[in-house]
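If you want the building blocks of each chain, they are given just below.
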Amino acid sequence: GRKTLLVIGGSQGALWINETMKKVACELFDVKEKIQVVHVTGEGKSPEMEEVYRRAVIRAKVFSFYERIWELYLIADAAISRAGALAVSEILLF
């Protein structure tokens, strides 16, 4: 019954997306019972983001990399992503 927010910065991750989510995670308090987050962070960044979501009491799955990205696109209700041509095309496709 929760909406799924996909947060993804591409195959290498995106530092500014990760940093922004660190800042806003605690602001999601009013909707935390209504959402779950799937966040692809980029290599080496997942433990820190897991802790951010844990502290904010937000249900989240965090991956450094996800090989079958289309699976995540299929379950997402909304996405926060880089706006490169390929990323936008993939999101639109799914």
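Structure first, text after, so check above.
Summary of the structure given here. (Residues numbered from 1 in each chain as written. Predicted model: local features only at pLDDT ≥ 70, side-chain atom pairs only at ≥ 80, totals over all residues. Heavy atoms only, no water.)

1. Observations regarding the sheet that holds strand 3 (residues 60-63)
For clarity, the cut-off: The criterion for strand pairing is that DSSP finds at least two bridges linking the strands in question. Strands are runs of DSSP state E lasting at least 2 residues, helices are runs of H or I lasting at least 4, and numbering of each runs from the N terminus. Fitted lines through C-alpha atoms give the axes, limited to the stretch in contact for helices. The angle between two N-to-C directions lies from 0 to 180 degrees. Every residue pair with non-hydrogen atoms within 4.5 Å of one another is taken to be in contact.
The four strands lie next to each other as 3-2-1-4, forming an open sheet whose pairing is parallel. Since the sheet does not close on itself, it has two edges, and those belong to strand 3 and strand 4 (78-81), each with one partner. Taking the axes of each pair of neighbouring strands and ignoring which way they run, one obtains an average angle of 15° across the sheet. Inspection of the sheet shows strand 1 (residues 3-8) paired to strand 2 (residues 35-40) by six bridges, in the parallel sense. The partner of Ile-8 across the bridge, within strand 2, is Val-40. Strands in contact with helix 1 (residues 15-24) are strand 1, strand 2 and strand 4; relative to strand 1, the strand with the most contacts, it is inclined by about 135°.

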